[in-house]
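Listed below, chain by chain, are the residues.
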Amino acid sequence: MKTVLFHPEKDHTAIQEAAAIIRHGGLLGIPTETVYGLACSAFRPAAVSRVLAAQGRPSANPLIVHICELSQLSLLWAEIPPEALRLAEAFWPGPLTIVLPAKSCVPSTTRAGLPTVAVRCPDSEITRKIIALAGVPVAAPSANISGKPSTTTAAHVLHDHDGKI
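These figures come from a predicted structure and were not determined experimentally.

Before going further, it helps to examine the pattern of salt bridges. A complete count under the given rule lists two salt bridges for this structure. Note that Glu33 is salt-bridged to Arg120, the shortest N-O span being 3.4 Å. Taken together, the residues span a long stretch of sequence, with Glu33 in the loop between strand 1 (28-31) and strand 2 (36-41) and Arg120 in strand 5 (residues 116-120) at a distance of 87 residues. Residues Glu33 and Arg120 agree in their burial class; the two are buried. A salt bridge links Lys129 to Glu125; the shortest N-O distance between them is 3.4 Å. In this pair, Lys129 and Glu125 both sit in helix 6 (residues 125-134), four residues apart, roughly one turn of the helix.

What follows deals with the environment of Pro8. Here Pro8 is to be found in the segment before helix 1 (14-23). Here the alpha-carbon distance between Pro8 and Ile126, two residues 118 residues apart in the chain, equals 7.7 Å. Aside from chain neighbours lying at most four places away, what touches Pro8 is Ala14, Ile15 and Ile126.

A few words on the pairing of strand 5. The side chains of a regular strand alternate, first on one face of the sheet and then on the other. With four of its five residues buried, strand 5 lies for the most part within the structure. Sheet topology places strand 3 (residues 64-66) next to strand 5; three bridges connect them, and they run parallel. Note that in strand 5 the partner of Ile64 across the bridge is Ala118. Across four bridges, strand 4 (residues 98-101) lies against strand 5 in antiparallel orientation. Its bridge partner being in strand 5, Leu100 is matched across the sheet by Val117.

To continue, consider unusual backbone geometry. Between Trp92 and the following residue, Pro93, the backbone shows a cis peptide bond with an omega angle of -5°. Backbone geometry at Ala112 places phi at a positive 55°, although glycine is not the residue there. Secondary-structure assignment places Ala112 in the loop between helix 5 (108-111) and strand 5.

Each strand in a sheet pairs with another by means of backbone hydrogen bonds, the pair being arranged parallel or else antiparallel. With respect to topology, six strands assemble into an open sheet ordered 1-2-6-3-5-4, the strand pairing being mixed. Taken across any chain shown, the strands that pair with only one partner, and hence form the sheet edges, are strand 1 and strand 4. As defined by bridge partners, strand 2 adjoins strand 6 (residues 138-139) across two bridges and the pair is classed as antiparallel. Looking at the pairing, Cys40 lines up with Ala139 of strand 6. Running at roughly 150° to strand 2, helix 2 (residues 45-55) makes contact with strand 2 and strand 6 of the sheet.

The rules behind these values
Residues numbered from 1 in each chain as written. Predicted model: local features only at pLDDT ≥ 70, side-chain atom pairs only at ≥ 80, totals over all residues. Heavy atoms only, no water. Salt bridge = Lys/Arg side-chain N within 4 Å of Asp/Glu carboxyl O. Helix = DSSP H or I, 4+ residues; strand = E, 2+ residues; numbered from the N terminus. Buried < 20%, exposed > 50% of the residue type's maximum accessible area, 1.4 Å probe, protein only. Contact = heavy atoms within 4.5 Å. Pairing = 2+ DSSP bridges. Axes fitted to C-alpha atoms, helices over the stretch in contact; angles between N-to-C directions.

Structure representation (structure tokens):
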């Protein structure tokens, strides 16, 4: 597999290409608030398994699901309590993660078998655009290899995952 480094600030088609990778079950390094994440469609168990394998991450660790806007919450949570909605409206986009009972359509692989799913709306405009164009929330743990320092640049992601994503 050939890993491609996108430059959305220079190439306006990069975001569409990145979104297509997510839509078709591929893996993608994306910026979040502090580090880069290793993203895939939250609804594709095979893609989630490839993320876990690429990271060397135990399957017992649930993944945070990233959304691009509040309307995507209804895809993930069985109920949205008013308190959770108020928190989301106040702090998203941003580093707040909210954990609530998941809808049955959220794969067990994404949730690590738990009845809940953790959701965040990242403050990276590029990442939100990718998620919007992909049309699905993305599961995106940090992109570092398990046990190694966090990846804070695209170059770090390329170093750790060249040929895997």
